[in-house]
Amino acid sequence: MIKVSRFITLDNFITKQENFHPGASGEFTSFMHDLTFAVRLIAREVRRAGINDIIGLTDEVNVHGEQVKKLDIIANEIIIKSMNHTGKLAVMASEENEELIQIPSKYPKGKYVLVFDPLDGSSNIDVNVTIGTIFGLYKRVTKSDEECNVDDVLQKGYKQIASGYALYGSSTVFVYTTGNGVNAFTYDPTVGEFILSYEGITIPERGKYYSTNEGNSYKWSEQFKKYINYLKEKSEDGFRPYSARYIGSGVADIHRTLLYGGIFAYPSDKSNPNGKLRLVYECNPLAMLIEQAGGMATNGKERILDIQPKNIHERSPLYLGSKYDVEECMAFLNDNK
Ligand code: AHM
Ligand code: MG
């Protein structure tokens, strides 16, 4: 399924886009070079994971009390060490670091703030199922001569200047937006380049898939249970029942949702009023991307991108996908259906 009419590498694509903006300094282009270099290194580690015997649990526990796998640590280190010396970033925040990641004083600082989940879907590492890297990019809000602080990271999602993800699946795919549509690039390891594979992606208005962890249904609200049951009923117009798809790697479930439509939900439930996913480096980047493709992302009450984050690792319920489906889900949650 070829979605493009021209062959172009990611590097050339970004350079050409930046050339459209008079006064652009080339810093974003340079940032993207560095980030996609990190992605290539992570992809290499993921592909070699079994061979190098690096799959498996370490004894370490991350800031959320979860057991961390080696590849998470490796991916985290790759991003930090690829990005902290480049002079493009002011500060970073990662799922794997409790505190902000400051730029070492021996390196120059830049104007951008990078938030990331180095390896999303970590429960799938050991079983060869797709995992990915999620990132969001902001401009710093502290002055250039000040020490960066959490205000740089705790910005509303709509302030992101770029976001995206890399997916380590049957191929490595890099999907990103700068607020001007969504494009995807597939890595060709034989030439060492990401090549444009989908240009100007739009999510279908309505899909046929729902994606949520039904093992949690005993904890769901009655409204959300009702919505999921409704999706499973046969409708006269033949559009329902929907099919269930749940990988358990948010980034992979959302990639499918982006291309095929439907809804992905990690709802609030009785024991987790804020769901599971992290607002700053999971929900916000994915929400920006889905909105840029014409979809919707909400926490059930408000647009994800309008939420003021209060701490780096806070969680948020997430309902995201095709506009029709997310709106219908909201109607159920608000007892209007
Ligand atoms: P992770 O960042 O530690 O991998 O956790 C986030 C992941 C998401 O990728 C996925 O949507 C979700 O957790 C799956 O959770 P569950 O196993 O509860 O369904
Ligand atoms: Mg994650």
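Here the structure is a predicted model, which is why all the values come from computation and not from measurement.

(A) Spotlight on the sheet that holds strand β11 (residues 209–211). Read across the sheet, 5 strands follow the order β12-β11-β13-β15-β14 without closing on themselves; strand pairing throughout is mixed. At either end of the open sheet lies a strand with only one pairing partner, and these are β12 (243–244) and β14 (296–298). Both β14 and strand β15 (residues 318–321) contribute to a ladder of 3 bridges, which runs antiparallel. Its bridge partner being in β15, T298 is matched across the sheet by Y319. Across the sheet, helix α7 (residues 279–292) lies against β14 and β15, angled at about 25 degrees from β15, the strand it touches most.

(B) Quick peek at the site of ligand 1. Taken together, 15 residues form the shell around ligand 1, and within it G121, N213, Y246, G250 and Y266 come nearest. Measuring from an oxygen atom of ligand 1, one finds a side-chain N or O atom of D120 at 2.9 Å. For ligand 1, an oxygen atom lies 2.9 Å from a polar atom in the side chain of K276. The fraction of the free accessible surface of ligand 1 (470 Å²) that becomes covered by protein chains is 85%. Residue assignment for the shell around ligand 1 shows that the elements contributing at least two residues are β5 (112–120) and β13 (263–266). Of the residues assigned to the shell around ligand 1, the class counts are 4 nonpolar, 6 polar and 5 charged. For the shell around ligand 1, the two domains that each supply at least three residues are domain 1 (2–199) and domain 2 (209–333).

(C) Spatial organisation of the coordination of the magnesium ion (ligand 2). The coordination sphere of the magnesium ion (ligand 2) contains the protein donors D117 (OD), D120 (OD) and E282 (OE), at a distance range of 1.8 to 2.2 Å. The sequence pattern formed by the donor residues of the magnesium ion (ligand 2) is D-x2-D-x161-E. Here D117 and D120 have matching classes, each one buried.

How each quantity is defined
- Residues numbered from 1 in each chain as written.
- Chains lettered and ligands numbered in written order.
- Predicted model: local features only at pLDDT ≥ 70, side-chain atom pairs only at ≥ 80, totals over all residues.
- Heavy atoms only, no water.
- Pairing = 2+ DSSP bridges.
- Helix = DSSP H or I, 4+ residues; strand = E, 2+ residues; numbered from the N terminus.
- Contact = heavy atoms within 4.5 Å.
- Axes fitted to C-alpha atoms, helices over the stretch in contact; angles between N-to-C directions.
- Near = heavy atom within 4 Å.
- Polar contact = N/O pair within 3.5 Å; in protein donor to acceptor, adjacent residues only side chain to side chain.
- Areas by Shrake-Rupley, 256 points an atom, 1.4 Å probe, with all protein chains shown as cover.
- Nonpolar A, V, L, I, M, F, W, Y, C, P; charged D, E, K, R; others polar.
- Domains from an automatic or database assignment.
- Donors = N, O, S within 2.8 Å, 3.2 Å for Na, K, Ca; no water.
- Buried < 20%, exposed > 50% of the residue type's maximum accessible area, 1.4 Å probe, protein only.

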